[in-house]
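Given next are the chains, with one letter for each unit.
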Amino acid sequence: QVHRLRGQLASTMLYLCAAWLVLQASALPLCREQHSSGGAWRNCKAQIGGLAIQGSDAYQAQFKTTFQDYLTAKLGASYGLEFESIPLNFDENFEYVGGKRLDFIYSNPAAYACMMVEFSVTTLASMVNFRKGNALEKFAGVMFVRNDSDFYKVEDLRRARVEAVSISGLGAMQLQQAELLALGLDVMTDVKRLTFSNNQDIIVTDVESGYADVGFVRTDMIDRSVAAGTTKWEYFRVINEIPDTDFPFKRSTLFTPEWPLGALTHVPFEIIRAVLSALWELDRNSTDATLKDPAIAGKFATWVAPMNYLELLGILEGIGYYSPKERKCLRAEDVYEAVKCPRGYVKQSKDKAFCSDDCKDGYVCLCQPCTKLQDPDLLLTVSSLATTWSRTVDAIAVAGLTKFESQCQRMMICMEAVVGQTVKWALLDQIGSESRKQINAPLLSSVEIRLRVDAPWQPMTSENTTLGNGLATERYIAVGSAMLTGTHVVQIRINGAQADLSPVVAVHHEPPILCGPGEKAEPDGKCSVCPPGSVRGSDGGCYPCEPGQWSRAGDASCTACEVGTSNPAYGASSCKDCSTGKVAKQMGSKSCDACARGKYSNISGLSAYYACPAANVMTTTNTASDSFEACVFAGYFHGCRGGDCNVNSSSHQFEVSGFCQHCPTGMLCIGKVDSPNAVVQISEGEQRHKAPWLPPGTMAIGETAYICGRSGDG
């Protein structure tokens, strides 16, 4: 009991000291101003600003004891410092820190993370909240409805009237917005109405009364209202509830660290260390009333080393609240300016974004502030126009080479045409100037096109048009033709910056020139005659005739060689007659065929050969014979060996190759004569006569030559 009395006395003395210092407030200069003039942080006033989401009175009732009374009493004796607690709204939060009109800032984690990167605020400590007998270093967001409503799942929110604290509220807007985006619903565009009441207690009341269908609050908010006796939990149901046995409150979102306290850049490290040391001593379980009472009044357990707040920037970037490129967050001083429409949507004008019907005084109501653009908002096309050609062009071939896509896509082939072909590029604005003004979208004040990367930019001409739905809009036109073959990059520039749909690709082919039969197209667009031995192919080039064919200069097709002629080579301008001893029986012969044995041709250019007379008796010794004189009696002639096959017989027979043969018609055997060319060969006791050539009218039997006479000679 003595210790308790001593504690009470110490607490009383501490607050009497703090009260005395407050009375001296008017005499103390601001520490930051004194320090900027070269003075130390002694006997001066330090200011701590705090985000008062439930109003100034509620904020001071909760935190004035800590940030003003306790710190003044704790650091007043050693440094002569007086601390002042200043409640701020969302608008003043960034304004005071950015303007260095404070020394310390206590804010919600999202706004604080923004100020960390924008203004280099140094984190001193993180608060450990105290709710339902639990010391909590984190909190989350809740999405709740009336228990008797027909809203059960996230998809149902598309027809709901949603109420949140403000567009900058973390636990009562931004956490829910990020969660819904991950589930495929954008609260800025997909709900019936989005209302900001700037007070979480009011949100609970409005959902219970039916003014709002869905409410966004932080995790312990409904429990506090229940504890205050203003409502009951059985009136409500949580949407997208995340089961969690380790956390004492129902939640619909991921967690975030509890609120931090930070120091601005001008605060000396000595003072930072003194303040954080004082905060770390606070403990609602302390037996020292000076350390316990501020914690109880502030509804926290204690303060701990700073937690990680930079991870929140990822959430804020995801909902379009933070720009990593600019290292800056949106502001809440103007709800309209803070609206960040998703890709494919544009912000409507203020008179359409805000709705006054059924919007209570002091509330801000957004009714579909974002409107969906036509997809896409700009449509680039290219088409062919009638072309006056400077030379004869194959129109059918041009049509085969020409291809235009219905819509040009970025980095994709948009068209294929031929050099010199006139085309029209058209950029259609599917929103229109008047609609852009209404939805606060940028006007297209300058539209340019460049047909090659090395070509100059040229303006596109605007013309009025009407879309199928009756919307008046503009189309931007450029007419031209390519002068070079190949693949070219086409760029579109709008208001001096390259359009999102740019660049596109255009392919230009060599123009197919229409030339006469036997002519080919030259690169200069003129036609030239195919040389002798060649004709024009299907692709317009000149190609040599094949063997067995020929052509004159300018012929439409190759001609087959006539019978009796041939050509063995490609690209011949004529065919040659077959030489004597050879013939060509068919048209288109690649070579002449030699006369077979027993055949001859004594004239060049024949398509057929002559046969030797008495084909069974006479032949030629070789192929390709070129005269009648080449015909001789066939084989070897042996002497008669008896029987009736003899020269003296009335049948006038002689033996040829072992057979008796009659004399040719009109001739008979008249007797023996000696053959001056006879060659007698003795072999195995048999006489043989070899006569490689006998003159006409003679024959040989054995080793004796006979002279054939006319049958009339007897």
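Residues numbered from 1 in each chain as written. Predicted model: local features only at pLDDT ≥ 70, side-chain atom pairs only at ≥ 80, totals over all residues. Heavy atoms only, no water.

Participant: When you look at the overall build of the chain in this model, what are you seeing that I'm missing?
Facilitator: Helix and strand counts for the chain stand at 15 helices and 51 strands. Counting the 714 residues in the chain, one finds 46% classified as buried. Summarising the internal contacts of the chain: among those between residues at least 6 apart in sequence, 63% fall at separations of at least 24. As displayed, the chain offers around 34900 Å² of accessible surface, 51% of which is attributable to carbon and sulfur atoms. (Helix = DSSP H or I, 4+ residues; strand = E, 2+ residues; numbered from the N terminus. Buried < 20%, exposed > 50% of the residue type's maximum accessible area, 1.4 Å probe, protein only. Contact = heavy atoms within 4.5 Å. Areas by Shrake-Rupley, 256 points an atom, 1.4 Å probe, with all protein chains shown as cover.)

Participant: Looking at this structure, how should I read helix 7 (residues 200–209)?
Facilitator: In an α-helix, one full turn covers 3.6 residues, which means residues spaced three or four apart are oriented alike. Turning to helix 7, its buried residues are Q200, I203, V204, D206 and V207. The arc that holds the buried residues of helix 7, viewed along the axis, is 165 degrees, so those residues lie on one side. In the core, the buried residues of helix 7 are packed alongside strand 7 (141–146), strand 8 (161–164), helix 6 (170–182), strand 10 (214–218), helix 8 (221–227) and strand 11 (236–239). One side-chain oxygen of the residue at the start of helix 7 lies 2.8 Å from the amide nitrogen of D201, identifying that residue as N199. Phi for G210, located one or two positions after helix 7, is positive at around 95 degrees. (Arc of directions from axis to C-beta. Polar contact = N/O pair within 3.5 Å; in protein donor to acceptor, adjacent residues only side chain to side chain.)

Participant: Mind showing me how you'd approach the packing of aromatic side chains here?
Facilitator: Counting across every chain of the model gives 18 aromatic pairs. Their ring planes at 40 degrees and their centres at 5.6 Å tell us that Y600 and Y610 sit as a pair that is tilted. Here Y600, found in strand 41 (residues 599–600), pairs with Y610, found in strand 42 (residues 610–611); they are 10 residues apart in sequence, far enough to count as distant. Members of the aromatic cluster, each reached through a chain of ring pairs, are Y59, F63, F67, Y106, W259, F300 and W303. Stacked on the ring of Y96, the Lys or Arg R101 has its end atom at 4.0 Å from the ring centre. (Phe/Tyr/Trp six-rings, centres within 6.5 Å; stacked < 30°, edge-to-face > 60°. Lys NZ or Arg CZ within 6 Å of the ring centre and 35° of its normal.)

Participant: Looking at this model, I keep getting lost on the side chain of R218. Mind explaining?
Facilitator: Structurally, R218 is set in strand 10. A polar atom in the side chain of R218 sits 3.0 Å from the side chain of D220. In terms of polar contacts, R218 uses its side chain to reach the side chain of E258, at 2.8 Å. Contact partners of R218, with chain neighbours within four places excluded, come to N129, F139, A140, G141, V142, G171, A172, Q200, R224, E258 and W259.

Participant: How should the sheet that holds strand 11 be read in this particular structure?
Facilitator: The pairing of strands in a sheet comes from backbone hydrogen bonds and takes either a parallel or an antiparallel form. If you trace the six strands from one edge of the open sheet to the other, you get 11-7-10-8-9-18, paired in mixed fashion. At either margin of the open sheet sits one strand with a lone partner, and together these are strand 11 and strand 18 (364–366). The mean inter-strand angle of the sheet, taken between neighbouring strand axes irrespective of direction, is 30 degrees. Along the sheet, helix 6 contacts strand 7, strand 8, strand 9 (193–196) and strand 10; its crossing angle with strand 10, the most-contacted strand, is approximately 115 degrees. (Pairing = 2+ DSSP bridges. Axes fitted to C-alpha atoms, helices over the stretch in contact; angles between N-to-C directions.)

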